[in-house]
Amino acid sequence: MATIIDIDDTLLRNGTQPIQRVIDYVNSLPGDKYIVTGRPESTRAETVRALKKAGIKYSRLYMNPYSTSNSNKHKEEIAIKLKGKVSLAIENNPEQRAIYSKHGIKTKDPATIKAVDSTEKFWNLV
């Protein structure tokens, strides 16, 4: 099954600074990884550069076609579109986690993801 992942304050802090423990966790997950962001489509090029520089592996990037104030609408539309294909959404915003949950997608707050040392197995964190 696939995973939905947010960018800001989930994978990257302050727009471009990697949150390494979350990136390591996400990169270890099996299946497709869909980045669903509230960032506007107009920032696609710089967003792709920041994700690549941070070493984030993903299958598809869904940018927000609306204003940033409509991030919830965008994320709900993607939740409906991907329902049945996605088993987990990693999202820092509680309102947006509630949207995913409402559509039957399990959620994880990135603040609960711990750094993995070399003796731990990634699948123990799921």
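Above this note sits the structure.
We now turn to the structure provided with this report. All residue numbers refer to positions counted from 1 along the written sequence of the respective chain. It should be noted that, the model being predicted, local features are given only for residues of pLDDT at least 70 and side-chain atom pairs only at 80 or more, the latter also being counted only at that level, while totals for whole chains, interfaces and linings use all residues. Here the side-chain values reflect all heavy atoms present in the structure, with hydrogen atoms and water set aside.

Our next topic: the overall build of the protein. Only DSSP runs of H or I covering at least 4 residues are called helices, and only runs of E covering at least 2 are called strands; the numbering of each starts at the N terminus. Helix and strand counts for the protein come out as four helices and seven strands. Start at the N end of the protein and walk to the C end: the helices and strands fall as β-β-β-α-β-α-β-α-β-α-β. Values of the radius of gyration come from C-alpha atoms, whereas the globule rule sets the reference at 2.2 Å times the count of residues to the power 0.38. In terms of overall dimensions, the protein is globule-like: its C-alpha atoms have a radius of gyration of 14 Å, near the 14 Å expected for 126 residues. The long-range share in the protein, meaning contacts at least 24 apart out of those at least 6 apart in sequence, stands at 61%. Working note: accessible area of the protein is about 6800 Å², and carbon and sulfur atoms make up 50% of it. Only four residue types enter the tally: Lys and Arg on the positive side, Asp and Glu on the negative side, with His and both chain ends excluded. Charge coordinates come from a single atom per side chain, which is NZ of Lys, CZ of Arg, CG of Asp or CD of Glu. Across the protein, 21 positive and 14 negative side-chain charges occur, with their mean positions spaced 4 Å apart. Contacts are assigned to residue pairs that have any heavy atoms within 4.5 Å of one another. What sets the accessible areas is the Shrake-Rupley method with a 1.4 Å probe; for residues, cover comes only from the shown protein chains.

Our next topic: the nonpolar core. Take the buried Ala, Val, Leu, Ile, Met, Phe, Trp, Tyr and Cys residues and link them wherever side-chain atoms come within 4.5 Å; each set so joined is a nonpolar core. The buried label goes to any residue with under 20% of its type's maximum accessible area, the exposed label to any with over 50%, and the partly exposed label to all in between, with areas taken from a 1.4 Å probe on protein chains only. Of all hydrophobic cores here, the largest spans 20 residues; its most connected members are L11, L12, I35, L51, I56 and I90. Mapped onto this core, the elements with two or more residues apiece are helix 1 (20-28), helix 2 (44-54), strand 5 (60-64) and strand 6 (86-90). The greatest single-element share of this core, amounting to four residues, is contributed by helix 1. What L51 contacts, discounting residues up to four positions off in sequence, is I7, L11, L12, I56, Y58 and L61. The next biggest cluster of nonpolar side chains, apart from the first, holds 12 residues, and it includes A2, Y34, Y62 and Y100.

This part takes up helix 2. Along an α-helix, residues three or four apart share an orientation, since each turn contains 3.6 residues. Listed as buried for helix 2 are T47, A50, L51 and A54. Projected down its long axis, helix 2 shows its buried positions confined to an angular sector of 95 degrees, all on one face. Exposed and oriented more than 90 degrees from the buried face of helix 2 are R49, K52 and K53. The elements touched by buried residues of helix 2 are strand 2 (12-13), strand 3 (17-18), helix 1, strand 4 (33-40) and strand 5. Taken from the helix axis, the directions to the C-beta atoms give the arc we talk about.

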